[in-house]
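Observations on the three-dimensional arrangement
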Amino acid sequence: MNQKNGKYFYWGFLLPCLLAISLVIVVPLLYGIYTSFTDSDGFNMTFIGLENYIRLFQDSQFTQSLWFTIRFAVVSVLGVNAIGLTLALLVTQKVGKTALFFRTAFFMPNLIGGIILGFIWQFIFVRAFQGVAQATGIEFFSGWLADSTTGFWALVLVFLWQMSGYIMIIYIAFLSNIPAELQEAAKVDGANSWQSFWRIKFPMLAPAFTISLFLTLANAFKVYDLNLALTNGAPFGSTEMVAMNIYNTAFFQYRQGFAQAKGIVFLLLVAAVSLTQVYLTRRKEVDL
Amino acid sequence: MSSSTKWHKTLVIVLGLVLSVSWLYPFIIVLLGSFKTRSEIFTNTLFLPEEPTTENYPRAYENLDFAQSFLNSLFITVVSILVIVVFSSMAAYALSRNKSKFSSAIYFFCAIIMLVPFQSVMIPLVSLFGSVGMLNRIGLIFMNLGFASSMSIFLYYGALRSIPQTLDEAAFLDGANPFQIFWRVIFPILKPTTVTVIILNAIRIWNDYLLPSLVINRDGMYTIPLQMYYFFGEYTIQWELALAGLMLAIIPIIILYIFLQKYIVEGVTEGATKQ
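Residues numbered from 1 in each chain as written. Chains lettered and ligands numbered in written order. Predicted model: local features only at pLDDT ≥ 70, side-chain atom pairs only at ≥ 80, totals over all residues.

**Overview of the overall build of chain A**
Applicable threshold: Where helices and strands are cited, they refer to DSSP runs of H or I of at least four residues and of E of at least two residues respectively, numbered from the N terminus. Atoms counted for the radius of gyration: C-alpha only. Globule rule: 2.2 Å times residue count to the power 0.38. Neighbour density around each residue's C-beta defines its exposure: 20 or more other C-beta atoms within 10 Å make it buried, 12 or fewer make it exposed, and counts between make it partly exposed, where C-beta atoms are placed from the backbone. By the convention adopted here, residues make contact when the C-beta atoms placed from their backbones lie within 7 Å.
Summing up its helical and strand segments, chain A has 12 helices and 0 strands in all. Along the chain direction, N to C, the helices and strands of chain A fall in the order α-α-α-α-α-α-α-α-α-α-α-α. For a compact globule of 288 residues, the expected C-alpha radius of gyration is about 19 Å, and chain A comes in at 24 Å, more than 25% above that figure. Put simply, chain A has 288 residues, and 43% of those count as buried. Put simply, of all contacts in chain A between residues at least 6 apart along the chain, 73% involve residues at least 24 apart.

Below you can see the structure in the form of structure tokens.
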């Protein structure tokens, strides 16, 4: 009974998840690959071969969104990791219970969804910045969401604010795993805190960099909620990121075949960037 | 030496306080604004209200249909998590105890699936589920299971590897079947992982906007993020209502965070580092 029953249980245990993953991700993905070769508008579809993929790179709104997203991802990844690591170093200083309060504060934005954070910051940029501009007469603070350059930095700023606390948590986990004897030994050898950071902590943090870069890259590429609530692509689609461009093509213009082709290109891009990054940082980890 | 340590400590505390208060300042501005009248929000955006009013809250509560959307969010989150915990822990158990080529293929497949962005599957997902009449709450819960499975299976699998198989065998000799072995013996040991899985999925599902907007976009079913989106579109000119509404959406999360902080921080750390 054992063998046969064992198989029975094995499949019984696996089935619900396999079914859900298949029906929610695998089947739609396969059907989506097919859709991307058609002119589907959601109701009718004819096979048109590679046409969507050729037209996609002539779609200036898409290429602009793509470029905007890539710039956003690069700036965000650098910023989030620099800020996250700095905050982690700050809150791991031995100053007692107060450090716990700092940690709580920095992590807080990460628990609140992009839609709500986006609206909060819409108020800050539209009203509070305006208030500062009026009070001080400094032009810099007015109309942040009305311009594509400041709109870009507004999105970056909110994303940094949201993600840095999360990445901080990861760095804290790795920092607290560094054996205290190592730092003691460095101190005895006369290293100052600057040296002890670069020579001891920094190399020991290599696996944390791999994880943090991976998480920030993936998250930065896929931003949608924040984009929707903060700028909704304004002015004139200039702050529209790829995820939003795909959504709008599919559900506002009803060009689902075309949108799906963008979705597939997006998948290839995200997968390629993530895998390359993991490969490169893993190799670096060995070197250090 | 000790005076320099003292200096260092003071410096860290002052710097930390300044930074963390400015970090929370966006929330503080919204909180202060929610007690101001419409005209005061324009004349005094940044500071304490001069004539505080609580009038905004009942109006926002009513316009947001807050009780309804809160319950809708709670229902979707709780049921989804229940389903995710039950099925992903079972799947991970099967994979960890049956070391066949097929099991490792499934495991590898789960890793690959995690790279697929939502936007690459959302269009066919909506049209396929729509064609069989599943754009409803049950459909949404099933989709949440699909999107959460890979990560949850990974977390459980990692924990299961450190539970010795002799434990299973002992229970088996006592006459328990695999179902009983798992639920009576193994699952209770997985409690810390279960906490992690619950927290990570709760944060994601509670805050999710895009998926519910595609699947349950109907009056009466709105979750908080969905309701907030429509509410904000209508009331941006009435900032005092919008701010009170935002506070209503944030307060439950902050209260929960204060009480469960330890678990949340641990859960998020585990989720990020153990994958």
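**Comments concerning the overall build of chain B**
Scanning chain B for helices and strands turns up 13 helices and 0 strands. Each helix and strand of chain B, placed in order from N terminus to C terminus, yields the pattern α-α-α-α-α-α-α-α-α-α-α-α-α. For chain B, the C-alpha radius of gyration of 24 Å lies well beyond 19 Å, the compact-globule estimate for 275 residues. Along the three orthogonal principal directions, the C-alpha set of chain B runs to about 75 × 70 × 35 Å. Classification of the 275 residues of chain B by burial places 42% in the buried group.

**Things to note about the nonpolar core**
This is how it is decided: By convention the nonpolar core is taken to be a set of buried residues drawn from Ala, Val, Leu, Ile, Met, Phe, Trp, Tyr and Cys and joined through C-beta atoms within 7 Å.
Counting 155 residues, the largest nonpolar core has A:Ile116, A:Met168, A:Tyr171, B:Ala91 and B:Leu246 as its most contacted members. In this view, A:Met168 contacts A:Gly84, A:Leu87, A:Ala88, A:Phe106 and A:Phe107; residues no more than four positions away in its chain are not counted.

**Remarks on the packing of helix α4 (residues 66-97) of chain B against helix α10 (residues 191-207) of chain B**
Residue and element names in this part refer to chain B. Inclusion rule: Throughout, an axis means a line fitted to C-alpha atoms (over the contacting stretch in the case of helices), and angles, computed between N-to-C directions, take values from 0 to 180 degrees. Each helix crossing is assigned a hand: it is left-handed if the near helix lies turned anticlockwise from the far helix by less than a right angle, otherwise right-handed if that turn is clockwise. Residues are sorted three ways: Asp, Glu, Lys and Arg are charged, Ala, Val, Leu, Ile, Met, Phe, Trp, Tyr, Cys and Pro are nonpolar, and all the rest, Gly among them, are polar.
Two numbers describe how α4 lies on α10: the axes approach to 10 Å, and their chain directions differ by 145°. Where α4 crosses over α10, the two elements pack in a sense that is right-handed. Of α10, the residues touching α4 (which contributes Ser73, Ile76, Thr77, Ser80, Ile81, Ile84 and Val85) are Thr194, Val197, Ile198, Asn201, Ala202, Ile205 and Trp206. Each residue belonging to the contact of α4 with α10 can be placed in one class, and the counts come to 9 nonpolar, 5 polar and no charged.

**Section: the interface of chain B and chain A**
With 64 residues of chain B in contact, the opposing surface of chain A contributes 65 residues. Mapped onto the side of chain B that touches chain A, the elements with two or more residues apiece are α1 (2-33), α4, α6 (122-131), α7 (137-160), α9 (178-189), α10, α12 (224-235) and α13 (239-273) of chain B. A class-by-class count of the residues in the side of chain B that touches chain A yields 48 nonpolar, 15 polar and 1 charged.

**Regarding helix α11 (residues 242-251) of chain A**
With 8 of 10 residues buried, α11(A) lies mostly within the body of the structure. For α11(A), the full list of buried residues reads A:Val242, A:Ala243, A:Met244, A:Asn245, A:Ile246, A:Tyr247, A:Thr249 and A:Ala250.

**A word on the environment of A:Phe119**
Take A:Phe119: it is sitting in helix α5 (residues 114-136). When the C-alpha positions of A:Phe119 and A:Leu230 are compared, they lie 6.1 Å apart, and in sequence the two are 111 residues distant. Among all residues touching A:Phe119, those that are not within four sequence positions of it are A:Ala229, B:Met228, B:Phe232 and B:Leu246.

**A short note on unusual backbone geometry**
With an omega of -5°, the peptide bond between A:Ala234 and A:Pro235 qualifies as cis. Positionally, A:Pro235 belongs in the loop between α10 (225-230) and α11. The backbone of A:Asn232 shows a phi angle near 50°, a positive value even though the residue is not glycine. Topologically, A:Asn232 is positioned in the loop between α10 and α11. A residue is classified by how many C-beta atoms lie within 10 Å of it, and A:Asn232, with 16 of them, is partly exposed. Even without glycine at this site, B:Asp65 takes up a positive phi of about 55°. For B:Asp65, the location among the structural elements is in the loop between α3 (56-64) and α4. Taking the C-beta count within 10 Å as the criterion, B:Asp65 has 15 such neighbours and is therefore assigned partly exposed.

**Describing the confidence of the model for chain B**
Quick note on the threshold: Within a predicted model, pLDDT stands for the predictor's per-residue confidence, ranging from 0 to 100.
Of the residues in chain B, 99% reach a pLDDT of 70 or more, and the chain-wide mean stands at 91. Predicted as a complex, the structure gets a pTM of 0.92 and an ipTM equal to 0.92.

**Quick look at the packing of helix α6 (residues 148-175) of chain A against helix α9 (residues 206-221) of chain A**
All names here are of chain A. Note the threshold: Angle categories are assigned with fixed cut-offs, so that under 35 degrees is roughly parallel, over 145 is roughly antiparallel, 65 to 115 is roughly perpendicular, and the rest are oblique.
The contact between α6 and α9 brings their axes to 10 Å, and the two run at 160°. The angle between the axes of α6 and α9 places the two elements in the roughly antiparallel class. The way α6 lies across α9 gives a crossing that is right-handed. Across the interface between the two elements, Phe159, Met163, Ile167, Ile170, Tyr171 and Phe174 of α6 pack against Pro207, Ala208, Ile211, Ser212, Thr216, Asn219 and Ala220 of α9. Grouping the amino acids of the contact of α6 with α9 by side-chain chemistry returns 10 nonpolar, 3 polar and no charged.

**Details of the environment of A:Ile21**
The topology assignment puts A:Ile21 in helix α1 (residues 2-35). Classification of A:Ile21 by C-beta neighbours within 10 Å gives buried; the count is 23. Setting aside anything within four residues of it in sequence, one finds A:Ile21 in contact with A:Val26, B:Ile113, B:Gly146, B:Ser149 and B:Ser150.

**Some points on the environment of B:Ile264**
Residues and elements named next belong to chain B. Within the secondary structure, Ile264 sits in helix α13. Overall, Ile264 belongs to the buried group, with 24 C-beta atoms counted inside 10 Å. As for Ile264 and Leu200, which are separated by 64 residues in sequence, their C-alpha atoms are 8.2 Å apart. Ignoring sequence-local partners within four residues, the contact set of Ile264 consists of Ile199 and Tyr257.

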